[in-house]
Amino acid sequence: MPSLNEYLFISGLLFCIGLAGVIIRRNIIVIFMCLELMLAAASLTLVAFSRFNTVGGLPDYDGQMLVFFVITVAAAEVAVGLAIIVSLYRARQTIHTDDLTSLKG
């Protein structure tokens, strides 16, 4: 069975990959996917701490309940974010962040 340190290492690795993708990439859809990867890493950390924090011999499920709220917020973020991306593409005909220098139409 994996230990808490292994879960935290994987979560940190996923978060670093997502952060590097946000910083390095110029495609707005890839940046959006990297943000979702960072949210998944944070959710993995919450579940890992929830699993290894025992109360009376049983796992504490507070972190796992918080993950449901994170997933709900992420679903709303996807809906709003994709709508913004589609409207930017319709206005500018590009999804590269270098070409999107201002918000003027």
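All values reported here derive from a predicted model rather than from experimental measurement.

Peer 1: Is there a simple way to think about helix α3 (residues 62–92) in this case?
Peer 2: It helps to recall that an α-helix has 3.6 residues per turn; residues three or four apart then point in one direction. With 31 residues, α3 ought to run about 45 Å at 1.5 Å a step, and its terminal C-alpha atoms sit 44 Å apart, in line with that. Among the residues of α3, G63, V67, V70, A74, G81 and I85 are the ones counted as buried. Packing partners of the buried residues in α3 comprise α2 (28–52). Phi turns positive, to about 60°, at Q93, one or two residues after α3.

Peer 1: Help me out: how do you make sense of the UniProt feature "transmembrane region" (unreviewed entry) in the protein chain in this one?
Peer 2: Mapped onto the present numbering, the UniProt feature "transmembrane region" (unreviewed entry) falls at residues 6–24, 29–52 and 64–89. Annotated as 100% helix and 0% strand, the span residues 6–24 places its first and last C-alpha atoms 27 Å apart. Here residues 64–89 is 100% helix and 0% strand, with 37 Å between the C-alpha atoms at its ends.

Peer 1: Is there a simple way to explain the packing of aromatic side chains in this structure?
Peer 2: What characterises a pair of aromatic rings is the spacing of the ring centres plus the angle enclosed by the ring planes. Counted according to the given criterion, the structure contains one aromatic pair. Ring geometry for Y7 and F52: centres 5.9 Å apart, planes at 55°, overall tilted. Of the two residues, Y7 is situated in helix α1 (residues 4–24) and F52 in helix α2; the sequence distance between them amounts to 45 residues. For Y7, a relative accessible area of 31% corresponds to the partly exposed category. With a relative accessible area of 31%, F52 lands in the partly exposed category. Seen from the ring of F52, R51 lies directly overhead, with NZ or CZ sitting 5.8 Å from the centre.

What counts and what doesn't
Residues numbered from 1 in each chain as written. Predicted model: local features only at pLDDT ≥ 70, side-chain atom pairs only at ≥ 80, totals over all residues. Heavy atoms only, no water. Helix = DSSP H or I, 4+ residues; strand = E, 2+ residues; numbered from the N terminus. Expected span 1.5 Å × (residues − 1). Buried < 20%, exposed > 50% of the residue type's maximum accessible area, 1.4 Å probe, protein only. Contact = heavy atoms within 4.5 Å. UniProt positions renumbered as here; feature names shortened; annotations may be inferred. Phe/Tyr/Trp six-rings, centres within 6.5 Å; stacked < 30°, edge-to-face > 60°. Lys NZ or Arg CZ within 6 Å of the ring centre and 35° of its normal.

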